[in-house]
Amino acid sequence: MKCLNKNCDAKEIEKDDNFCYKCGHWTAKGYAFLQKPENVQNILTGSSAKKTDRLTILLEVASLSFILLIFIILFRGEDLFKPLYYVKRKIDSYVYGYNTSIIKTDNIYNKKTVTNLEEAQKLIKEDFSHQNYKCSYNLDSFMLENAIEDAYSIPKVSFCDTSYKEVEKIKTVIDNMYSLFPNMTGALTNISITNAKTKNEYIAYFQPMFQFVNPNEDINSYNKVNKTQILLNSYYFLNENVMKTPVQDVVGKEWYIKDATWETTIAHELGHYITFVIFLRENNLENITFVTKENESKINALLKEYETGVFSSTIVKEALDNYNSKYQTNLDLDTFALTISKYAGVKNNDNILIYDETIAEAIHDYYLHKENATKSSLEIVNIIKSRM
Amino acid sequence: MCFNCKAVNRENDKFCRNCGFLMRTNTYYILINIATSVAIIALIFVIVLFIASLCLV
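Here is what the cut-offs are and how they apply
Residues numbered from 1 in each chain as written. Chains lettered and ligands numbered in written order. Predicted model: local features only at pLDDT ≥ 70, side-chain atom pairs only at ≥ 80, totals over all residues. Helix = DSSP H or I, 4+ residues; strand = E, 2+ residues; numbered from the N terminus. Rg over C-alpha atoms; globule rule 2.2 N^0.38 Å. Buried ≥ 20, exposed ≤ 12 C-beta atoms within 10 Å, placed from the backbone. Contact = placed C-beta atoms within 7 Å. Nonpolar A, V, L, I, M, F, W, Y, C, P; charged D, E, K, R; others polar. Axes fitted to C-alpha atoms, helices over the stretch in contact; angles between N-to-C directions. Parallel < 35°, antiparallel > 145°, perpendicular 65-115°, else oblique. Left-handed = near helix turned anticlockwise from the far one by under 90°. Core = buried A, V, L, I, M, F, W, Y, C linked by C-beta atoms within 7 Å. Pairing = 2+ DSSP bridges. Expected span 1.5 Å × (residues − 1). pLDDT = per-residue confidence, 0-100.

A. Local environment of the overall build of chain A. When helices and strands are counted, chain A shows 16 helices and 5 strands. Here chain A has a C-alpha radius of gyration of 35 Å; the compact-globule value for 388 residues is 21 Å, and the former is much larger. Principal-axis analysis of the C-alpha atoms places the extent of chain A at approximately 125 × 50 × 40 Å. Taking all 388 residues of chain A together, 38% fall into the buried category. For chain A, contacts bridging at least 24 residues in sequence account for 64% of all contacts bridging at least 6.

B. Main features of the overall build of chain B. A tally of helices and strands in chain B yields 1 helix and 0 strands. For chain B, whose C-alpha radius of gyration is 19 Å, the value lies well above the compact-globule estimate of 10 Å for 57 residues. Its C-alpha atoms give chain B principal-axis dimensions of roughly 60 × 20 × 10 Å.

C. Structural detail: the interface of chain A and chain B. If you look at the interface, chain A gives 30 residues, while chain B gives 30 residues. Sorting the residues of the side of chain A that touches chain B by element identifies α3 (54–76) and α4 (82–96) of chain A as the ones contributing at least two each. Sorting elements by how many residues they give to the side of chain A that touches chain B places α3 of chain A first, with 12 residues. For the side of chain A that touches chain B, the per-class residue count stands at 18 nonpolar, 3 polar and 9 charged.

D. Focus on the packing of α3 of chain A against helix α1 (residues 26–55) of chain B. Packing of α3 of chain A against α1 of chain B leaves a shortest axis separation of 9 Å and a crossing angle of 20°. Considering their axes alone, α3 of chain A and α1 of chain B lie roughly parallel with respect to each other. Where α3 of chain A crosses over α1 of chain B, the two elements pack in a sense that is left-handed. In this structure, α3 of chain A uses Arg54, Leu55, Ile57, Leu58, Val61, Ala62, Leu64, Ser65, Leu68, Leu69, Ile72 and Arg76 of chain A to contact α1 of chain B, whose residues at the interface are Tyr29, Ile32, Asn33, Ala35, Thr36, Ala39, Ile40, Ala42, Leu43, Val46, Phe50 and Ser53 of chain B. Grouping the amino acids of the contact of α3 of chain A with α1 of chain B by side-chain chemistry returns 18 nonpolar, 4 polar and 2 charged.

E. Spotlight on the nonpolar core. Ranked by internal contacts, the top residues of the largest apolar core, which has 80 residues, are Val225, Tyr273, Ile274 and Ile363 of chain A. The biggest single contributor to this core is helix α11 (residues 265–282) of chain A, with 10 residues.

F. Layout of the environment of Asn372 of chain A. Here Asn372 of chain A lies in the loop between α15 (355–369) and α16 (375–387). Spatially, the C-alpha atom of Asn372 of chain A lies 19 Å from that of Ser386 of chain A, the residues being 14 residues apart in sequence.

G. Looking closely at the pairing of strand β4 (residues 224–233) of chain A. All names here are of chain A. Counted residue by residue, β4 has 10 buried out of 10 residues, so it is predominantly covered. Both faces of β4 are covered, namely the face carrying Lys224, Asn226, Thr228, Ile230 and Leu232 and the face carrying Val225, Lys227, Gln229, Leu231 and Asn233. Here 5 bridges tie strand β2 (residues 190–194) to β4, and the two strands are oriented parallel to one another. Looking at β4, one finds that Asn190 is bridged to Gln229.

H. Local environment of helix α13 (residues 310–327) of chain A. Residue and element names in this part refer to chain A. Taking 1.5 Å of rise per residue, 18 residues should cover 26 Å, and α13 covers 25 Å from first to last C-alpha, within 8% of that figure. For α13, the set of buried residues is Phe311, Ser312, Ile315, Val316, Ala319 and Leu320. The inward-facing, buried residues of α13 contact α11, α12 (296–308), α14 (333–338), α15 and α16. In the segment just after α13, Gln328 is the residue with positive phi, at about 55°.

I. Broad picture of unusual backbone geometry. Residues and elements named next belong to chain A. Phi at Glu254 takes a positive value of approximately 65°, unusual for a residue other than glycine. Within the secondary structure layout, Glu254 lies in the loop between α10 (247–251) and α11. The class of Glu254 is partly exposed, set by 13 C-beta atoms lying within 10 Å. For Asn351, which is not glycine, the phi torsion reads 65° and is therefore positive. Along the chain, the position of Asn351 falls in the loop between α14 and α15.

J. Inspection of the environment of Phe311 of chain A at higher detail. Residues and elements named next belong to chain A. Secondary-structure assignment places Phe311 in helix α13. The spacing of Phe311 and Ser93 is 218 residues in sequence and 42 Å in space, taken between C-alpha atoms. If sequence neighbours within four positions are ignored, Phe311 has contacts with Phe279, Glu305 and Tyr306.

K. Just the confidence of the model for chain B, in detail. On average, chain B scores 84 in pLDDT, and the residues at 70 or more come to 98%. Taken together, the chains of this predicted complex give a pTM of 0.81 and an interface ipTM of 0.73.

L. Examining the packing of helix α6 (residues 139–152) of chain A against helix α7 (residues 164–180) of chain A more closely. All names here are of chain A. Where α6 meets α7, the axes come as close as 10 Å, and the angle between the chain directions of the two elements is 15°. In terms of orientation, α6 and α7 fall into the roughly parallel class. Where α6 crosses over α7, the two elements pack in a sense that is left-handed. Residue-level contacts link Asp140, Ser141, Leu144, Ile148 and Tyr152 of α6 to Tyr164, Val167, Glu168, Lys171, Ile174 and Tyr178 of α7. Of the residues that constitute the contact of α6 with α7, the class distribution is 7 nonpolar, 1 polar and 3 charged.

M. Spatial organisation of the environment of Met23 of chain B. All names here are of chain B. Tracing the chain through its elements places Met23 in the segment before α1. What makes Met23 buried here is the crowd of 21 C-beta atoms within 10 Å. In this structure the C-alpha to C-alpha distance between Met23 and Cys2, which are 21 residues apart in sequence, comes to 6.5 Å. Among all residues touching Met23, those that are not within four sequence positions of it are Cys2, Asn9, Asp13, Lys14, Phe15 and Cys16.

So, in structure tokens, the structure goes:
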């Protein structure tokens, strides 16, 4: 039979067919079917020729999910994704076997316009605050971070996921160091928990320069921003079970100064920072945070010079001379350094004393023992204080 | 077979001869079903994520 639709060329319609197989038009039998009220009722209620379209259901559910997601994101903001980072932390902890930091401290930003030091410091703050939502929120720790930032003009202090007890201990070290050396304010941009490349790479680390804004840009087009930072290894500071073992048992007896703890190693790193601050000030710089075409070559040259260790060697040698003169001795540099600690006497691959470590350990010693520190430490600290 | 009324049709039929329903391939229905399941799971996930974010401070 042919289709009742004049525009349809279907020719194989059967007698029993209600609808054309080609265009869907009703046939004569289909028309009779539709004439019966009970059939129409069934059609209207959807029980006979229901036209459920799966695609419609899909679109409705997908739209609902999307709209709900938008509303929830507007309501909760970035905090909506906290559970995902919680799960990520747990997975990382399982994979690595210890707690790691969720915060990235080595983000790099390019093509950012920075016009002054305040904007540079703001970028440093934002680099961390944009990641804050990933951390488990502890108001008390947050207050301690803010207190350190405000008291010592450090743009950002971030102890993400660190226990409050541990943050208190760290703050105690920082407070005591700043009370011993109040003039060291100015160059430090941040103190943060980070993931070291390997778990044992360091406990804490002072990095004089990490260029994190516009490092790959032409200085004539974009100013740059450096971090001068102290990094705390998450392997230790986020894992209290690791820090249950005394630091001397882990790094070796007498490696650090006597009575050193995990937290007082931060005093050692601040010792590095103090040396760096003196070096900058003696070269008429307060910090190296904001880099322009006017100061870039000077900053780079100074960093190069600082890394040679020559500046630190002058301090140690002067301290040695004072020591030998005061105590009528004739110590050499190596012996002088080793009177402080083994770490103070560490040498580089060329078998030359790493003077930075000698000074940092001397300051560490002074932090722990004040006037009862070793005489060699006191000589170094006297020079440090006179030059600050 | 028609997805709507289960009537048997011929292979090249575009519309069901019994109820006039637009006949689609099995692949179409499989994909639609999978996509619908994913959308429902996404909806449940968003709700669970919201509740979990309220619990985690």
